[in-house]
Structures are given as C-alpha cells and as structure tokens.
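Here is how the chains run, residue by residue.
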Amino acid sequence: YTRHQLKQDEFQETLDTLQIFASEHLRQIILVGAATLIIVGAVVGVKTYYARQEAAANTKLQDAITTFSAYVGNGQESSVLGAGQSYPTAQAKYQKALTQFSEVVKNYPRTKAAGYALIQMGVCQSQLDNETAAIKTLQDAGKNSDQEIASQAQFALAGVLAKTGKTGDAAKIYQNLADHPTTIVPRATALLAMADVYRSSQPKRAREIYEQVQKEYGSDSVVADSLKQQLATLPQ
C-alpha cells in the first residue's frame, strides 16, 4: 500500500467502527439525546418563569412605591399640585402601601423585588408607629443573601432602633455597615448616619466621626458641604 492508501483504509475502518457502535447502541444514544433536550428545555423554562415572575413583581413593587410616595391631603390640592394619587392621612397612605408591599413578598417570594418590598414593609410599620413589628421585619430583611438588599435593610433597621432610643444598637449596625460598605450603603453614608445618632446625646463623639469622614472624604464636594452644615449646627 502507498501511504495515501493506508490513510484511506484507516479512515474507512474508523467509520465502520463508529457505524457498528451506533447501530449497537442506537437506543442508548436516542435516550441520552432525549434526556439532554429535556434538561435544556427545563432550564430554559425555569429561566423564563423566573424572568416573568421578576417582571411582574417589579410592576407590583413600583405600584406600592407610588402609594408610599403619594401626596397626603385632599384630592383638590393634589390635582392643583399635579401630585396624582393622594390620601387623606399619612396613616391611610402607609397602611395601603404596607398591604401592597406585603402582597409582593407573599406572591413573589423568590424575587429581588420581594427583598426590597420587605424592607419597605418595615419602613411602613415604623411610620405607623409599630416599632416592634418594624424591627422584626427589618431583621428578617437583613438576612437576605443579596448583600445590597441586606445592607439597605440593616441601614433602615438602625434608623428604627435610633428612633426608639436604642442608640448603642443603632451605632453598632452603622459601624458594621461602614466596615463593610456596599453600593447602596457606602462607607461615608454609614458614618454620617452614625454621627447623627450621637448628635444629641454625645456631641463630642459625633464631632470625632464627622472629622473622620472629613479626613477620608473631604475632597468630595458633596460630602464636604454636608459636613460643613452638620458641624456648624452640632451642639457644643
């Protein structure tokens, strides 16, 4: 045989072997192929389902946020101001928003929107002077696996704790957030909030924190302006 003929014979033998294998294992090949298609189809189906759930949840979340931000007053004033939706009292507004946020959490529990809705539930409960429920809700929201959502929940929780006089607990949360900043709650924001907690009870400590922020972020014009105002109004 020439070298070319040898190569042809080897190629033909390979094809023959593959053909024999395919004929002997045709059933298995078909089953494996079918199983692969089923798995791929299931993955695509799950992704499509969750995408639709997220979209629907976002729509409901936006409706709830619209209620939360609605004008408080009579309908005529709202119309004149172009404020759109309005409620006669803040309590009525926050109660309605609380119901809407709760529905997002209940109906779309595996979505990011539900994580943000749970935070807003806590905020609404605080606005309705139900601090015990607000703290519990925000503690649950702070356990979210998404660090951005969790940090926002913890920031809101610290605010409620400060509101109820638990200054030390609030300060600990703010310090932790400052040590582990996120996009939603950057370090400067957490430090400024912690300083605000101490303004009335420990103005000296508040000043120390402001000066720390000034040292770290003084080159930022927005932060610098805020610090200037805060220091000027800080009790002696």
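Below is a summary of the structure that appears in this document. (Residues numbered from 1 in each chain as written. Predicted model: local features only at pLDDT ≥ 70, side-chain atom pairs only at ≥ 80, totals over all residues. Heavy atoms only, no water.)

Focus: the side chain of Arg199
Then, in step 1: Inspection of the secondary structure puts Arg199 in the loop between α9 (187–198) and α10 (203–217).
Then, in step 2: Buried and without a salt bridge, Arg199 has Asp196 as its closest oppositely charged side chain, separated by 4.1 Å.
Then, in step 3: Within the structure, the side chain of Arg199 is placed 2.9 Å from the side chain of Thr233, a separation counted as a polar contact.
Then, in step 4: Beyond its immediate stretch of four places on either side in the chain, Arg199 contacts Ala206, Tyr210, Gln230, Thr233, Leu234 and Pro235. (Helix = DSSP H or I, 4+ residues; strand = E, 2+ residues; numbered from the N terminus. Buried < 20%, exposed > 50% of the residue type's maximum accessible area, 1.4 Å probe, protein only. Lys, Arg positive; Asp, Glu negative; His and termini not counted. Salt bridge = Lys/Arg side-chain N within 4 Å of Asp/Glu carboxyl O. Polar contact = N/O pair within 3.5 Å; in protein donor to acceptor, adjacent residues only side chain to side chain. Contact = heavy atoms within 4.5 Å.)

What to know about unusual backbone geometry
Then, in step 1: In this model, Asp129 sits at a positive phi of 65 degrees, which is unusual for a non-glycine residue.
Then, in step 2: In this structure, Asp129 sits in the loop between α5 (112–127) and α6 (131–141).
Then, in step 3: According to the relative accessible area criterion, Asp129 is exposed, its value standing at 61%.

Focus: α5
An α-helix turns once every 3.6 residues. As a result, residues three or four positions apart point the same way.
Then, in step 1: Compared with the 22 Å implied by 1.5 Å per residue over 16 residues, the 23 Å span of α5 between its first and last C-alpha is a close match.
Then, in step 2: Among the 16 residues of α5, 12 are classified as buried, and the element is accordingly described as predominantly covered.
Then, in step 3: Looking at α5, one finds that the buried residues are Ala113, Ala114, Gly115, Ala117, Leu118, Ile119, Gln120, Met121, Gly122, Cys124, Gln125 and Ser126.
Then, in step 4: Directly beyond the C-terminal end of α5, a positive phi value near 65 degrees is found at Asp129. (Expected span 1.5 Å × (residues − 1).)

Side note on the nonpolar core
Nonpolar side chains tend to gather and get buried jointly when the protein is soluble and globular.
Then, in step 1: Counting 49 residues, the largest nonpolar core has Phe101, Ile119, Cys124, Tyr174, Met194, Ile209 and Tyr210 as its most contacted members.
Then, in step 2: The residues touching Tyr174, leaving out its near neighbours within four places in the chain, are Phe155, Ala158, Gly159, Ala190, Ala193, Met194 and Val197. (Core = buried A, V, L, I, M, F, W, Y, C linked by side-chain atoms within 4.5 Å.)

Some details on the packing of α10 against helix α11 (residues 221–232)
Then, in step 1: Between α10 and α11, the shortest axis-to-axis distance is 10 Å and the interhelical angle comes to 160 degrees. Accordingly, the angle class assigned to the pair α10 and α11 is roughly antiparallel. In terms of crossing hand, the pair formed by α10 and α11 is left-handed. Residue-level contacts link Arg207, Tyr210, Val213, Gln214 and Tyr217 of α10 to Val223, Leu227, Gln230 and Leu231 of α11.
Then, in step 2: A class-by-class count of the residues in the contact of α10 with α11 yields 6 nonpolar, 2 polar and 1 charged. (Axes fitted to C-alpha atoms, helices over the stretch in contact; angles between N-to-C directions. Parallel < 35°, antiparallel > 145°, perpendicular 65-115°, else oblique. Left-handed = near helix turned anticlockwise from the far one by under 90°. Nonpolar A, V, L, I, M, F, W, Y, C, P; charged D, E, K, R; others polar.)

Focus: the packing of α5 against helix α7 (residues 147–163)
Then, in step 1: Where α5 meets α7, the axes come as close as 10 Å, and the angle between the chain directions of the two elements is 5 degrees. Here α5 lies roughly parallel to α7, going by the angle between them. Of the residues in α7, those in contact with Lys112, Gly115, Tyr116, Ile119, Val123 and Ser126 of α5 are Glu148, Ile149, Gln152, Ala153, Ala156, Val160 and Lys163.
Then, in step 2: Within the contact of α5 with α7, the residues separate by chemical class into 7 nonpolar, 3 polar and 3 charged.

A few points about the packing of aromatic side chains
Where two aromatic rings form a pair, the distance of their centres and the angle of their planes describe that pair.
Then, in step 1: By the definition in use, this model includes 3 aromatic pairs.
Then, in step 2: Residues Phe68 and Phe101 carry aromatic rings whose centres are separated by 6.4 Å and whose planes lie at 65 degrees to one another, so their mutual orientation is edge-to-face. With Phe68 in helix α2 (residues 26–68) and Phe101 in helix α4 (residues 90–107), this residue pair connects regions lying 33 residues apart in the sequence.
Then, in step 3: Judged by its relative accessible area of 0%, Phe101 falls in the buried class.
Then, in step 4: On the numbers, 5.5 Å between centres and 65 degrees between planes, the contact of Phe155 with Tyr174 is edge-to-face. A residue pair is termed long-range when its members are at least 10 positions apart, and Phe155 in helix α7 and Tyr174 in helix α8 (residues 167–179) qualify at 19 residues.
Then, in step 5: Judged by relative accessible area, which is 5%, Tyr174 ranks as buried.
Then, in step 6: Each residue in the set Phe68, Tyr94 and Phe101 is aromatic and connected to the rest through ring pairs, giving one cluster. (Phe/Tyr/Trp six-rings, centres within 6.5 Å; stacked < 30°, edge-to-face > 60°.)

What about the pattern of salt bridges?
Then, in step 1: Summed over all chains, the structure comprises 6 salt bridges.
Then, in step 2: One salt bridge connects Lys136 with Asp140, and the closest N-O pair in it is separated by 2.8 Å. With Lys136 and Asp140 both in helix α6 and 4 residues apart, the pair spans about one turn of that helix.
Then, in step 3: Given the relative accessible area of 46%, Lys136 is considered partly exposed.
Then, in step 4: Taken together, the shared-partner salt bridges connect Asp179, Arg187 and Glu216 into one network.

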